[in-house]
Amino acid sequence: MRTYPPVGSLDALARHLCALPPSCGPVRLVAVDGHAGSGKTTFARHLAEALGGGPVLHTDDFATHEELFGWAGRLHSEVLAPLAKGTAARYAPYDWVERRFATARRRLDPAPVVLLEGVGSGRRAVRPRLARLLWMDLPAPDSWRRGQLRDGPELSAFWDGWLPAERAHFAADPSRPHAGTLVRQRKEGYEVLPGPAATDGNTPWPHTA
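Residues numbered from 1 in each chain as written. Predicted model: local features only at pLDDT ≥ 70, side-chain atom pairs only at ≥ 80, totals over all residues. Heavy atoms only, no water.

## Points about the pattern of salt bridges
Line of reasoning, step 1. Enumeration over the complete set of coordinates arrives at 12 salt bridges.
Line of reasoning, step 2. Close ionic contact of Asp-173 with Arg-124 constitutes a salt bridge, the shortest N to O distance being 3.8 Å. In this pair, Asp-173 is assigned in the loop between α5 (156-172) and β9 (181-185) and Arg-124 in the loop between β7 (113-117) and β8 (130-136), connecting sequence segments 49 residues apart.
Line of reasoning, step 3. Between Asp-142 and Arg-145 there is a salt bridge; the shortest N-O distance is 2.9 Å. Of this pair, Asp-142 and Arg-145 both sit in helix α4 (residues 140-151), 3 residues apart, roughly one helical turn.
Line of reasoning, step 4. Judged by its relative accessible area of 34%, Asp-142 falls in the partly exposed class.
Line of reasoning, step 5. The class for Arg-145 is partly exposed, based on a relative accessible area of 46%.
Line of reasoning, step 6. It is possible to trace a salt-bridge network through shared partners that takes in Arg-124, Arg-127 and Asp-173. (Salt bridge = Lys/Arg side-chain N within 4 Å of Asp/Glu carboxyl O. Helix = DSSP H or I, 4+ residues; strand = E, 2+ residues; numbered from the N terminus. Buried < 20%, exposed > 50% of the residue type's maximum accessible area, 1.4 Å probe, protein only.)

## Some points on the environment of Leu-13
Line of reasoning, step 1. The topology assignment puts Leu-13 in helix α1 (residues 10-19).
Line of reasoning, step 2. Expressed as a C-alpha distance, the spacing of Leu-13 and Leu-193, which sit 180 residues apart in the sequence, is 9.9 Å.

## Brief notes about the side chain of Arg-28
Line of reasoning, step 1. Assignment of secondary structure puts Arg-28 in strand β1 (residues 28-33).
Line of reasoning, step 2. Buried and unpaired, Arg-28 has Asp-109 as its nearest opposite-charge partner, separated by 15 Å.
Line of reasoning, step 3. Ignoring sequence-local partners within four residues, the contact set of Arg-28 consists of Leu-17, Cys-18, Leu-20, Pro-21, Pro-22, Ser-23, Ala-111, Pro-112, Val-113, Val-114 and Ala-131. (Lys, Arg positive; Asp, Glu negative; His and termini not counted. Contact = heavy atoms within 4.5 Å.)

## As for the nonpolar core
Line of reasoning, step 1. Among the nonpolar cores identified, the biggest contains 36 residues, and Leu-29, Leu-57, Leu-75, Val-79, Leu-108 and Trp-162 are the most heavily contacted of them.
Line of reasoning, step 2. At the level of secondary structure, the elements contributing two or more residues to this core comprise β1, α3 (72-84), β3 (89-91), β7, β8, α4 and α5.
Line of reasoning, step 3. Sorting elements by how many residues they give to this core places α3 first, with 5 residues.
Line of reasoning, step 4. Excluding residues that lie within four positions of it along the chain, Leu-75 makes contacts with Leu-57, Phe-62, Leu-80, Leu-116 and Val-126.
Line of reasoning, step 5. The next biggest cluster of nonpolar side chains, apart from the first, holds 20 residues, and it includes Val-30, Leu-47, Val-113 and Leu-134. (Core = buried A, V, L, I, M, F, W, Y, C linked by side-chain atoms within 4.5 Å.)

See below:
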């Protein structure tokens, strides 16, 4: 039976995640999803620290300018499939300045908990490998406004293309209804709450060995 953490601290969430059954070979794969600008990267960094230095994988390393959300196949073949076998993953991250994949490959060893951070990280194609889906619970307009302020006017053209792509992705493949945990950023740290999958009775997805 799937269990969900009560309202609590980041440390309590980290302990809860470590106690979950492995979902991708020996790894507990945990997605940190949410709208662009919602604070996923910063939260994932803090959660990784609470986990004792767990690895963080970014979907931006697999997306490209031409395929903002077309990265699921690369993620599966380069990372998820090896981890599911208990072996190290090796992947070539995308360089957003050079607009090409790097020639040097990064190594990701199986760890008790691996965080997968990025918009759409809780998508349908990934959920069978997840031990938990966390959703950064900031409304889209507020997230996008914060992201655009962060990036500045030099990236306004990128945002012009990003916004309709994100809307289309979540319209076709929403993540929030499947989140077991909601994360809300407060002035002092984070508030961790049960998500829709815990409160609405959504059927849990089966883990893929």
